[in-house]
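Structural overview for review
If you want the building blocks of each chain, they are given just below.
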Amino acid sequence: MSDLAGGFRYLLAGQRWVLGHGRWLGLGLLPGLVTLVLYAGALIGLGAGADDLTAWATPFADDWSAPWIGLFRGFLTALVFCLGLFLAVITFTAVTLLIGQPFYESLSEAVDRSEGGEVPESGLSLPAELWISARDSVRVLARVLLYGILLFALGFVPVLGQTVVPALGFCVSGYFLTQELTAVALQRRRVELKDRLALLRSRRMMVLGFGVPLVLSFLVPLVAVFLMPGAVAGATLMARDLLPAPAPHEPQDGQAPAGHAHPEQPAPHGVRAQGRGRDGQAGQPAAPGGQAKGFGPPPPGF
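A brief structural summary. Computed from a predicted structure; not experimentally measured.

Okay, the overall build of the chain next. Assigned secondary structure in the chain consists of nine helices and zero strands. The secondary structure elements of the chain, listed N-terminal to C-terminal, are α-α-α-α-α-α-α-α-α. Classification of the 302 residues of the chain by burial places 42% in the buried group. A separation threshold of at least 6 residues defines the contact pool for the chain, and within that pool the share at least 24 residues apart is 76%. On the chain, roughly 15600 Å² of surface is accessible, and the fraction owed to carbon and sulfur atoms is 68%.

This part takes up the packing of helix α3 (residues 68–99) against helix α5 (residues 126–154). The geometry of α3 relative to α5 is characterised by a closest axis approach of 10 Å and an angle of 165 degrees between their N-to-C directions. In terms of orientation, α3 lies roughly antiparallel with respect to α5. Regarding α3 and α5, the two cross each other, and that crossing is right-handed. For the pair α3 and α5, the contacting residues are L79, V80, L83, F86, L87, I90, T91, A94 and L98 in the first and L130, S133, A134, S137, L141, V144, G148 and F152 in the second. The residue inventory of the contact of α3 with α5, partitioned by class, reads 13 nonpolar, four polar and no charged.

If you walk through the whole model with that rule in mind, you get eight salt bridges. We note a salt bridge from D3 to R203, for which the minimum N-O separation is 2.8 Å. On the criterion of sequence distance, the pair formed by D3 in helix α1 (residues 2–20) and R203 in the loop between α7 (193–201) and α8 (204–218) is long-range, its members being 200 residues apart. There is no split in this pair, since D3 and R203 are both buried. Residue D112 pairs with R240 through a salt bridge whose shortest N-O separation is 3.0 Å. Taken as a pair, D112 in helix α4 (residues 101–115) and R240 in helix α9 (residues 223–242) lie far apart in primary sequence, 128 residues in all. Residues joined by salt bridges that share partners form a network here, namely E105, D112, R188, R189 and R240.

A few words now on the environment of C82. Within the element layout of this structure, C82 appears in helix α3. For C82, a relative accessible area of 48% gives the class partly exposed. Separated by 84 residues in the primary sequence, C82 and P166 place their C-alpha atoms 9.4 Å from one another.

Rules used in this analysis
Residues numbered from 1 in each chain as written. Predicted model: local features only at pLDDT ≥ 70, side-chain atom pairs only at ≥ 80, totals over all residues. Heavy atoms only, no water. Helix = DSSP H or I, 4+ residues; strand = E, 2+ residues; numbered from the N terminus. Buried < 20%, exposed > 50% of the residue type's maximum accessible area, 1.4 Å probe, protein only. Contact = heavy atoms within 4.5 Å. Areas by Shrake-Rupley, 256 points an atom, 1.4 Å probe, with all protein chains shown as cover. Axes fitted to C-alpha atoms, helices over the stretch in contact; angles between N-to-C directions. Parallel < 35°, antiparallel > 145°, perpendicular 65-115°, else oblique. Left-handed = near helix turned anticlockwise from the far one by under 90°. Nonpolar A, V, L, I, M, F, W, Y, C, P; charged D, E, K, R; others polar. Salt bridge = Lys/Arg side-chain N within 4 Å of Asp/Glu carboxyl O.

Take it as geometry only, folks, not as evidence of what the structure does.
Set out below in C-alpha cells:
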C-alpha cells in the first residue's frame, strides 16, 4: 500500500511543480488542446455510428423479439463505445506527447534541473527523437490492443464483465499511461523500451498509484488537457527515483574519492541520493520528515 500511495504522491508533486512554474503550464496546454479537438471529433463519430455498427455485426439477432434485441444491441453499443473510450484514453497521451515532443522534453529537463543533480540529454536530433517516440508508442499500443481485445471478450461474461473487467481496464490503462509519461524522462537517459517496461514492472503498485487516478480524471472532459503538463513533471520525478543512482568513477590509484569512504549506493525508495542542489552545495541532507529539497514526494511511509 505504501507504493500505491507513493505513486499518487508523485502525481500530486508534478501538479504542484507546474503550478509553481506557470510558464510551463501554459506551454504544456497547447499540444493537449490540439489532441483533444481531434479525439472529440473521433468519439462523436463513433457514438453516432455505433448503433449501425452493432446492427451490422449481429444479423442473427434481426428476428429476435422485443425487448431482447434492443437490450442485446444496446449492451453491445455501450461496449463498443467503452472500448473506443479505453483506446482514446491510452492513445491520447501517446499522440499528445508526439505532437508536443519539444515542449515536454524541455519541461522534463526543467524538472530535472530544479531538483538538482545531473540533467541527462539524449544527444539525438529532433527527427530521431520523434521517430523513437513514435516507434515505441506503436509497440506499446500493440500491447494495449491485445489487452483491449481480451477485456472486450471478457465483457460478455455475466457479472464478471460488468464488475471485474472495468476495474481491470482502468488498471491496464493506468499502467501503460504511466509508461508513456515516464518515457519522456527515461528516453533522455537512454533507457530502452524493454528496460523501461521491466523497471515499471518492478514497482507495479507505484505505477498503478500514479496512473489509475490519472486515467479516472481523464474521463472528465478537458481535465486531461490541464493535467498533462503536471503528469509529465510527476513522471519525471518518479523516473528520477526509480533509476538507481549512478556509481561514482573509480580513481586510477584505487583510492576512494575525496570525502567518500565508500562508493555511493543507490538511494532507497523515496530518499534521493545526495547530490548537488540548486544552490550548488554538495551532500545536503533531506529536509525533516523525509521531504527532499524541491518538489519530490516524501518517503513511502505515508
